[in-house]
Amino acid sequence: MSKDKNLSPQTLLAQALGWVDRKTSALIPPIYNSVTYERGPDNSYSNGFIYSRNANPTSQQLERLLAELETGKDAIVLASGMSAATATFMTLKSGDHVVAQSVMYWAIKKWLIGFANQWGISVDLFDPEDTTSLKKLIRPGETKLVWIETPANPTFSCVDIAEVAKIVKGSGARLCVDSTIATPILTRPIELGADVVMHSATKYLNGHGDVTAGVLITAHDDEWWRQVRGIRSSHGKILSPSDAWLLLRGIRTLDLRVRQSCKSAMAIAKHFDSNSKIIEVLYPGLGNSLTHDIASKQMEGGFGGMLSIRFKGGQPRAVEIAAKLKIFKRATSFGGVESLVEHRASIEGEGTLVPDDLLRFSVGIENVDDLIGDLEQAIA
Ligand SMILES: *Cc1c(COP(=O)(O)O)cnc(C)c1O
């Protein structure tokens, strides 16, 4: 077991901590499908494993790796990103208050508003481009959870994690960061003062579009964390051992994949930024982005592989361009090795704040000139 905190993320990832199976000396871990574990004659569970809903050895290797990558105390993997997000909100009680973003992952925001309504929890939303507005919303003692997402879907505005952590500290609230788009390669929220980090591992962490999974990493091993672990177990929000194994394989190349996607996304953003058929390119790496300074401060080595483009001509034009793309596939989700495009307003539906002329792009690891050429022929 590697406990060396000085190892770089690249090394930790490539070796998946370098664990070797003690029985067989296998470098690649087996998939432990067992639902149940034998008690010793002394009635104890000597290896700590009891039943599939509590913990699993295949998942545990992944969890140790994630905790180290995010410099946290502990981590859990769950059945999906939504499972991870909802597990944190389920710790709230009637009368509690939550602050989240007006622009964030659509499905979490929609679920949170309905959940809060049903359980007597109040929610306030702040504009992610104006962190000062968040300060006024915190109710000391009453606000229990502050939820931020940076870069935020699908405008990719960045929220200053260190600044928000300062605001939240001492208020009695917990700061949770959805870091799905940044990944631990570019940003480590716990180092910046966050209490909890969440990822949809369906995206970059797995990176191959064949696993649905979620992750939570905590900065504190406390009573609240035990409650979250309990929710995973009692609600059965668990990842299957086979999916944990696939994720453990996919994550080994995270560093290479994320760096290539960042490089290509930056090249695409720059190439199309001054195109006369485009209203604007939304990418935190561009100097004209409203939150570029925040992104530069807290994203290391790149600005992410996601960008949005608003096209002149409204929805019909945006949909037409998506239809003409050949390499970019029209599909939801992101963070895989293949590039995707999505007319975001269509999937979010009624009540969306996303302009209908916007296409969201997930930049994969294909040759960047091929990707730029594909967009050029579609826009022409
Ligand atoms: C996809 C996504 C989620 C939800 O994750 P699932 O794995 O689809 O349940 C949450 N947050 C962000 C930012 C996402 O992109």
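Quick caveat: nothing in here was measured; it's all calculated off a predicted structure.

## Here's the deal with the pairing of strand S6 (residues 196–200)
With five of five residues buried, S6 lies mostly within the body of the structure. The side-chain alternation of S6 yields two buried faces, one formed by Val196, Met198 and Ser200 and the other by Val197 and His199. In this structure, strand S5 (residues 174–178) lies alongside S6, joined through three bridges in parallel fashion. Its bridge partner being in S6, cysteine 176 is matched across the sheet by valine 196. Here S6 pairs with strand S7 (residues 214–218) via five bridges, running antiparallel.

## Concerning a nonpolar patch on the surface
Side chains of Val20, Leu27 and Ile28 sit close together on the surface and give an oily, nonpolar patch of about 290 Å² of accessible area. Looking at the element boundaries, valine 20 is found in the loop between helix H1 (9–15) and helix H2 (57–69). Given a relative accessible area of 44%, valine 20 falls into the partly exposed group.

## Here we look at the site of the ligand
Among the 15 residues in the neighbourhood of the ligand, the closest are listed as Met82, Asp178, Ser200, Thr202 and Lys203. Taking threonine 202, its side chain carries an N or O atom lying 2.6 Å from an oxygen atom of the ligand. The side chain of lysine 203 places a nitrogen or oxygen atom 2.7 Å from an oxygen atom of the ligand. Contact with the protein chains hides 92% of the accessible area of the ligand, taken as 380 Å² for the molecule alone. Of all the secondary-structure elements, those providing two or more residues to the shell around the ligand are helix H3 (81–89) and S6. For the shell around the ligand, the per-class residue count stands at six nonpolar, six polar and three charged.

## Looking at the sheet that holds S6
The seven strands are arranged S1-S7-S6-S5-S4-S2-S3 in an open sheet whose pairing can be described as mixed. Looking at which strands have only one partner, the edges of the open sheet turn out to be strand S1 (74–78) and strand S3 (122–126). For this sheet, the mean inter-axis angle between neighbouring strands, taken without regard to orientation, is 20 degrees. Pairing of strand S4 (residues 143–149) with S5, which is carried by five bridges, proceeds in the parallel orientation. Across the sheet, leucine 145 pairs through a bridge with arginine 174, a residue of S5. Lying over the sheet, helix H6 (residues 161–168) contacts S4 and S5, oriented at roughly 160 degrees with respect to S5.

## Re the packing of aromatic side chains
Summed over the entire model, instances satisfying the criterion amount to seven aromatic pairs. Ring centres of tyrosine 37 and phenylalanine 49 lie 5.5 Å apart, and the angle between their planes is 35 degrees; this geometry places the pair in the tilted category. Of this pair, tyrosine 37 sits in the loop between H1 and H2 while phenylalanine 49 sits in the loop between H1 and H2, placing them twelve residues apart in sequence. Residues tyrosine 37 and phenylalanine 49 agree in their burial class; the two are buried. Pairing phenylalanine 328 with phenylalanine 361 gives two aromatic rings, centres 5.3 Å apart and planes at 80 degrees, and the pair type is edge-to-face.

## Examining the domain arrangement of the protein
Taken domain by domain, the protein consists of domain 1 (9–251) and domain 2 (254–379). Spacing between the C-alpha centres of domain 1 and domain 2 amounts to 26 Å. At the interface, 37 residues of domain 1 touch 38 residues of domain 2. The three residues of domain 1 that bury the most area against domain 2 are Trp106, Leu186 and Tyr204, which together make up 26% of that side's buried surface. Viewed at the interface, domain 2 and domain 1 are joined by two salt bridges. With a closest N to O distance of 2.5 Å, lysine 297 and aspartate 160 form a salt bridge. Counting across the interface, domain 1 meets domain 2 through 15 residue pairs in polar contact (both at pLDDT 80 or more). Mapped by element, the contributors of at least two residues to the side of domain 1 that touches domain 2 are H1, helix H4 (106–119) and helix H7 (183–186). With four residues, the single largest contributor to the side of domain 1 that touches domain 2 is H7. Residue classes in the side of domain 1 that touches domain 2 are distributed as 18 nonpolar, 14 polar and five charged.

The rules behind these values
- Residues numbered from 1 in each chain as written.
- Predicted model: local features only at pLDDT ≥ 70, side-chain atom pairs only at ≥ 80, totals over all residues.
- Heavy atoms only, no water.
- Buried < 20%, exposed > 50% of the residue type's maximum accessible area, 1.4 Å probe, protein only.
- Helix = DSSP H or I, 4+ residues; strand = E, 2+ residues; numbered from the N terminus.
- Pairing = 2+ DSSP bridges.
- Patch = residues over 30% accessible without salt bridge, like charges linked within 9 Å, V, L, I, M, F, W, Y side chains within 5 Å.
- Areas by Shrake-Rupley, 256 points an atom, 1.4 Å probe, with all protein chains shown as cover.
- Salt bridge = Lys/Arg side-chain N within 4 Å of Asp/Glu carboxyl O.
- Near = heavy atom within 4 Å.
- Polar contact = N/O pair within 3.5 Å; in protein donor to acceptor, adjacent residues only side chain to side chain.
- Nonpolar A, V, L, I, M, F, W, Y, C, P; charged D, E, K, R; others polar.
- Axes fitted to C-alpha atoms, helices over the stretch in contact; angles between N-to-C directions.
- Contact = heavy atoms within 4.5 Å.
- Phe/Tyr/Trp six-rings, centres within 6.5 Å; stacked < 30°, edge-to-face > 60°.
- Domains from an automatic or database assignment.
- Buried area = accessible area lost by both parts, 1.4 Å probe.

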